[in-house]
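Working through the structure, step by step
What follows is each chain in one-letter form.
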There are 6 protein chains.
Amino acid sequence: MKANKTNQERYAAGIDTLQTMVGDHGVSMIKQIGEFFPDFGHTLVAFGFGDLYSRDILDLKQREMITITSLITQGATEQLPFHLHAGLNVGLKPEEILEIILHCGGYAGFPKACGALDVARKVFNERGIDLTNK
Amino acid sequence: MKANKTNQERYAAGIDTLQTMVGDHGVSMIKQIGEFFPDFGHTLVAFGFGDLYSRDILDLKQREMITITSLITQGATEQLPFHLHAGLNVGLKPEEILEIILHCGGYAGFPKACGALDVARKVFNERGIDLTNK
Amino acid sequence: MKANKTNQERYAAGIDTLQTMVGDHGVSMIKQIGEFFPDFGHTLVAFGFGDLYSRDILDLKQREMITITSLITQGATEQLPFHLHAGLNVGLKPEEILEIILHCGGYAGFPKACGALDVARKVFNERGIDLTNK
Amino acid sequence: MKANKTNQERYAAGIDTLQTMVGDHGVSMIKQIGEFFPDFGHTLVAFGFGDLYSRDILDLKQREMITITSLITQGATEQLPFHLHAGLNVGLKPEEILEIILHCGGYAGFPKACGALDVARKVFNERGIDLTNK
Amino acid sequence: MKANKTNQERYAAGIDTLQTMVGDHGVSMIKQIGEFFPDFGHTLVAFGFGDLYSRDILDLKQREMITITSLITQGATEQLPFHLHAGLNVGLKPEEILEIILHCGGYAGFPKACGALDVARKVFNERGIDLTNK
Amino acid sequence: MKANKTNQERYAAGIDTLQTMVGDHGVSMIKQIGEFFPDFGHTLVAFGFGDLYSRDILDLKQREMITITSLITQGATEQLPFHLHAGLNVGLKPEEILEIILHCGGYAGFPKACGALDVARKVFNERGIDLTNK
């Protein structure tokens, strides 16, 4: 972590990364959180997207694989749509998302996997993704 | 899933994949589980390593990223050494494992990340991996 | 696990057991999952209901006690209605389900038990089960 | 625990404490649980609010800090509104609740904190609490 | 819950049930907890074993199935030996315990099931239970 | 969050707060983590102890109540000794820690509370705290 990087710069880096991941709509969703509780919004952007997602070694696609797996494992289904959209935006293929969910069936149990699959189906529908004819 | 594949073939596929992931020593660890409770051992190999790990779409390195993330998130630290070794064997770099742990700090909380880091340190020591001079 | 049993036979065994547990309506719910993601649907039926639920040693009523307890403990309330219906269909009495929930209060904490009780109330209402005059 | 205290007295103590925490409306919510499953309702009141909340050493405000933290950590968001209201009633300031949520971001992960923040926003809206001009 | 039952009577009922479940050795383990923190020890016995385990509708064997499932699902492996012993004492067969663990593999994930199997192996060894020749 | 605060200043604030909480010995434990994985060590100190613990609105004693509750609820017993020591150092009384554990029994379930009590007993012993004659 660069010693003289400021909070403002960390936040700006986070917004940049968010823009790549979820575009204007996603950025404005995160900014709304900051309107309700500014320090939480700052932390989410500066720490979550600035410090973590903006790092190298793992790319954004790999980071979304990790995030999606963690959300499935802890049953945080209400946070999944944001990250399924983000994952698809940064290069995760729909088939890869389904594969993560199936793999998590064995590691986090099928109830969590079934819950995640239900969310994926809704997100795929919203985006007009149809895998059934493949 | 191929309709006429037998349990024996699923098991054989699982042993093959396990061999690639953890070598003779790891295979014999899994086989010991089967000596205590044969149907559990069969399921672990045929379903876990045969049906899941042997699928395509995600490669073994990506699957270990997912498994390691799920283990960290659920606090299953006692199963981490097996999968950290497996991950390193199939191409995860030590730096990538550390990066998964740091990313999980934000998503699963720092207590789980600290617990995982402690296990990683022991596994890296066992394998003579030293990142401190990098 | 019988060595020469095929995936098709495992799937057929799973559908048979599901039919006993949840009837036509439940079977068609599970089949819908398979329309969205065939390999997940196959695994859910062949592994979950074929390999696990179809085994002996524990009967279907005992297996639903275990499943319901696991769902309550992990807070997977959205999967509870399916298994409360299944449990009632295979012989769990409404009073036994309530008793599982109360017992889980002590072991998984009262927030999880309260969440489960709310689901049980809805399922009992749907089935016209009224325990209040007992 | 006083040796000769009866269940009736434990229950009465619980109702008294509940009255202080959530008033008539909250008490009647808890009593509805008791109409569906009397022994669960008794236990919730006599054990939860009589034995635990009515003890000294920690006051009600501190106990709600603990309860809210535990609910956030286990992702039991559907039980949060009751305890956010209770916390505010017994002296937790809205800013303190937000602070608990932010602190939990680091300890239980940001997905759980984001889920809790969403609930807090709704509860604050219901109560006409507006922190944005501060 | 009987209205005029006293704490002392609830505690006595809990000790009786504990005696049936785990004998002198187990009772003295629980009593040691009470020496360190008397009100916790009282609650554990009076509430856990007096109020919950001593109820009817489910018998002790069924209650241990539920407890063991909840412990596996939450990864509370350090509490498993006590309840595996208790379960075996009240009529759970070793084969049934293994079956619970395998079933939990599908519902709580295989890492939790593997952790539980390891504990079961140790408990079975302590008791001289050998299933390998069956 | 102050816009022009640098990472170095956040880290320094974290070390100051850590010094208050756990003294030289605790600071050196955290620094050892930084020797193994510098960016993780930086984040733990700058974010966890600098950004979160150093904030006002809640004092250090309240923050340790929250942290300890979160650790108990997620079963992260191996991180408890550090925070039980920290809590005692910043003003939590031993009786208050026990009370948190008992309260968590009702909210996170007794297995987690029993696990935490066992850790508390060891930490109290190390510090020569004896509550049995009170």
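Chain A goes by Carboxymuconolactone decarboxylase-like domain-containing protein in an unreviewed UniProt entry, where it is assigned to Paenibacillus allorhizoplanae.

Further remarks concern the overall build of chain A. Along the backbone of chain A there are six helices and zero strands. Starting at the N terminus and ending at the C terminus, chain A contains elements arranged as α-α-α-α-α-α. Computed over C-alpha atoms, the radius of gyration of chain A comes to 16 Å, within 12% of the 14 Å expected from 2.2 N^0.38 for 134 residues, which places it in the range of a compact globule. Taken along the three principal axes of its C-alpha coordinates, chain A extends 50 × 25 × 25 Å. Expressed as a percentage of its 134 residues, the buried residues of chain A come to 65%. The contacts of chain A with a sequence gap of at least 6 include a subset with a gap of at least 24, amounting to 68%. In the structure as shown, chain A presents an accessible area of about 4,900 Å², 49% of it carried by carbon and sulfur atoms. Across chain A, 13 positive and 16 negative side-chain charges occur, with their mean positions spaced 3 Å apart.

Mapping chain C onto chain A calls for a rotation angle of 120° and an axial translation of 0.0 Å; the resulting RMSD is 0.0 Å. Overall, the copies show the geometry of a three-fold rotation axis. For chain C, the minimum C-alpha distance to the rotation axis belongs to G75 of chain C and amounts to 4.7 Å.

Turning to the relation of the copies chain A and chain B, a few remarks are in order. For the pair chain A and chain B, the best superposition has an RMSD of 0.0 Å and corresponds to a rotation of 180° with a translation of 0.0 Å parallel to the axis. Taken together, the turn and the small shift mark the pair as related by a two-fold rotation axis. In this assembly, 100% of the residues forming the interface of chain A have copies in chain B that are likewise at the interface, indicating an isologous arrangement.

Once that is clear, we can look at the pattern of salt bridges. Enumeration over the complete set of coordinates arrives at 36 salt bridges over all chains. With its nearest N and O atoms 2.4 Å apart, the salt bridge here joins E99 of chain A to R55 of chain B. In this pair, E99 of chain A is assigned in helix α5 (residues 94-108) and R55 of chain B in the loop between α2 (38-53) and α3 (60-73), connecting two distinct chains. Each member of the salt-bridge network shares a partner with another, and the members are D39 of chain A, E99 of chain D together with R55 and R63 of chain F.

It is worth spelling out the confidence of the model for chain A at this point. Mean pLDDT over chain A stands at 96; residues scoring 70 or higher make up 99%. For this predicted complex, the interface confidence reaches an ipTM of 0.96, while the overall pTM sits at 0.98.

One covalent bond between the sulfur atoms of two cysteine residues makes up a disulfide. Considering all chains together, one arrives at zero disulfides over all chains under this definition. We note that C114 of chain A lacks a disulfide partner, and the nearest cysteine sulfur, in C104 of chain A, lies 12 Å from it.

The next subject is the interface of chain A and chain B. Taken together, the contacts link 30 residues of chain A with 30 residues of chain B. For the pair chain A and chain B, the summed buried area comes to about 2,800 Å², and 69% of that belongs to carbon and sulfur atoms. Of all residues in chain A, the largest losses of buried area upon contact with chain B belong to E99, H103 and Y107 of chain A, amounting jointly to 26% of the total for that side. Inspection of the region where chain A meets chain B yields four salt bridges.

Here we take up the UniProt feature "domain: Carboxymuconolactone decarboxylase-like" (unreviewed entry) in chain A. Here the UniProt feature "domain: Carboxymuconolactone decarboxylase-like" (unreviewed entry) sits at residues 38-121 of chain A. The span residues 38-121 of chain A shows a helical share of 80% and a strand share of 0%, and its end C-alpha atoms are spaced 33 Å apart.

Turning next to the packing of aromatic side chains. By the definition in use, this model includes 48 aromatic pairs over all chains. Consider the rings of F49 of chain E and Y53 of chain E, whose centres lie 5.1 Å apart with planes at 15°: the pair is stacked. Residue F49 of chain E and its partner Y53 of chain E are located together in helix α2 (residues 38-53), separated by four residues, close to a single helical turn. By relative accessible area, Y53 of chain E is classed as buried at 2%. Ring-pair connections join several aromatic residues into one group, and the members of that group are F37, F40 and F47 of chain A, F110 of chain B, F110 of chain D together with F37, F40 and F47 of chain F.

The next thing to look at is the interface of chain C and chain A. Interfaces are often sized by the accessible area lost when the parts come together. Tallying the contact residues gives 15 residues for chain C and 16 residues for chain A. Between chain C and chain A, roughly 1,400 Å² of surface is buried when both sides are summed, and carbon and sulfur atoms account for 78% of that area. Seen at the junction of chain C and chain A, the total is zero salt bridges. Where chain C touches chain A, the interface holds one residue pair in polar contact (both at pLDDT 80 or more). In terms of residue count, the dominant contributor to the side of chain C that touches chain A is helix α2 (residues 38-53) of chain C (five residues).

Attention now goes to the side chain of R63 of chain E. For R63 of chain E, the location among the structural elements is in helix α3 (residues 60-73). Within polar-contact distance, the side chain of R63 of chain E engages the side chain of E99 of chain C at 2.7 Å. Setting aside residues up to four positions removed in sequence, R63 of chain E forms contacts with E99 and H103 of chain C together with L52, Y53, R55, D56 and L58 of chain E.

This brings us to the packing of helix α5 (residues 94-108) of chain D against helix α2 (residues 38-53) of chain F. The relative placement of two packed helices comes down to the angle between their axes together with the axis-to-axis distance. Packing of α5 of chain D against α2 of chain F leaves a shortest axis separation of 10 Å and a crossing angle of 170°. Judged by the angle between their axes, α5 of chain D and α2 of chain F are roughly antiparallel. Along its contact with α5 of chain D, which presents L102, H103, G106 and Y107 of chain D, the element α2 of chain F presents F47, F49, L52 and Y53 of chain F.

Once that is clear, we can look at α3 of chain E. All names here are of chain E. For α3, which comprises 14 residues, the first-to-last C-alpha distance of 20 Å matches the rise-based estimate of 20 Å (1.5 Å per residue) to within 8%. For α3, the buried fraction is high: twelve of the 14 residues fall into the buried class. Those residues of α3 lying buried are Q62, R63, E64, M65, I66, T67, I68, T69, S70, L71, I72 and T73.

All names here are of chain B. Relative to each other, helix α1 (residues 7-36) and helix α4 (residues 80-89) sit at 150°, their axes nearing to 9 Å. In terms of axis orientation, α1 runs roughly antiparallel to α4. Counted together, L18, M21, V22, G26, M29 and I30 of α1 and F82, A86 and N89 of α4 form the full contact between these two elements. Its residues assigned to classes, the contact of α1 with α4 shows seven nonpolar, two polar and no charged.

Residues and elements named next belong to chain A. Taken domain by domain, chain A comprises domain 1 (1-57) and domain 2 (58-134). Using only C-alpha atoms to locate each centre, domain 1 and domain 2 end up separated by 22 Å. Counting from both sides, the interface comprises 14 residues of domain 1 and, opposite them, twelve residues of domain 2. Taking both sides of the interface into account, the surface hidden between domain 1 and domain 2 amounts to around 950 Å²; carbon and sulfur atoms contribute 63%.

Before going further, it helps to examine the environment of V90 of chain B. Residues and elements named next belong to chain B. Tracing the chain through its elements places V90 in the loop between α4 and α5 (94-108). Once the C-alpha coordinates of V90 and T20 are considered, the two residues, 70 residues apart in sequence, prove to be 7.6 Å apart. Setting aside residues up to four positions removed in sequence, V90 forms contacts with T20, M21, L60, K61 and E64.

All right, on to the environment of C114 of chain B then. Relative to the helices and strands, C114 of chain B resides in helix α6 (residues 110-126). In the structure, C114 of chain B is positioned 91 residues away from G23 of chain B in sequence and 28 Å away in space, judged by C-alpha atoms. With near-sequence residues (within four places) excluded, C114 of chain B lies in contact with F40, L44 and Q79 of chain F.

The rules behind these values
As a convention, each chain's residues are numbered from 1 in the sequence order in which they are written. Labels are handed out in written order, letters beginning with A for the chains and numbers beginning with 1 for the ligands. Residue-level local features of this predicted model are given only where pLDDT is at least 70; pairs of side-chain atoms are given and counted only at 80 or more, and the full residue set underlies all totals for whole chains, interfaces and linings. Only hydrogens and water are set aside when side-chain values are computed; all heavy atoms of the structure are taken into account. Helix and strand definitions follow DSSP, with helices as H or I runs of at least four residues and strands as E runs of at least two, each counted in order from the N terminus. For the radius of gyration, the atoms used are the C-alpha atoms, and the globule rule reads 2.2 Å times the number of residues raised to 0.38. Burial status follows relative accessibility: with a 1.4 Å probe on protein chains alone, a residue under 20% of its type maximum counts as buried, one over 50% as exposed, and anything between as partly exposed. Residue contacts are counted whenever heavy atoms from the two residues lie within 4.5 Å of one another. Note on areas: these come from Shrake-Rupley sampling with a 1.4 Å probe, and a residue is covered only by the protein chains present in the view. His residues and chain termini do not enter the charge count, which takes Lys and Arg as positive and Asp and Glu as negative. Note on charges: their place is set at NZ of Lys, CZ of Arg, CG of Asp or CD of Glu. Here the copies are matched by least squares. The fit uses the C-alpha atoms of residues with pLDDT of at least 70 in both. Within this document, salt bridges are pairs made up of a side-chain nitrogen of Lys or Arg and a carboxyl oxygen of Asp or Glu, the two lying within 4 Å of each other. Each residue carries a pLDDT score, the predictor's confidence in it, ranging from 0 to 100. Counting rule for disulfides: a pair of cysteine sulfur atoms within 2.5 Å. Using a 1.4 Å probe, buried area is obtained as the accessible area two parts lose upon being combined, added over both of them. UniProt positions are given in the numbering used here, feature names are shortened, and annotations may be inferred rather than shown by experiment. Between the rings of Phe, Tyr and Trp (Trp by its six-membered ring), a pair exists once the centres lie within 6.5 Å; its type follows the angle of the planes, with under 30 degrees stacked, over 60 edge-to-face, and the other angles tilted. Counting of polar contacts relies on pairs of N or O atoms within 3.5 Å, with two restrictions inside protein: one atom must be capable of donating a hydrogen and the other of accepting it, and residues adjacent in sequence are counted only when both atoms are side-chain atoms. Each axis is a line fitted through C-alpha atoms, and for a helix only the stretch in contact is used; angles between axes span 0 to 180 degrees, taken between their N-to-C directions. Comment on the angle field: the value is read as roughly parallel under 35 degrees, roughly antiparallel over 145, roughly perpendicular from 65 to 115, and oblique elsewhere. To estimate how far a helix should reach, multiply one less than its number of residues by 1.5 Å. Residues are sorted three ways: Asp, Glu, Lys and Arg are charged, Ala, Val, Leu, Ile, Met, Phe, Trp, Tyr, Cys and Pro are nonpolar, and all the rest, Gly among them, are polar. Domain ranges listed in this record stem from an automatic or a database domain assignment.

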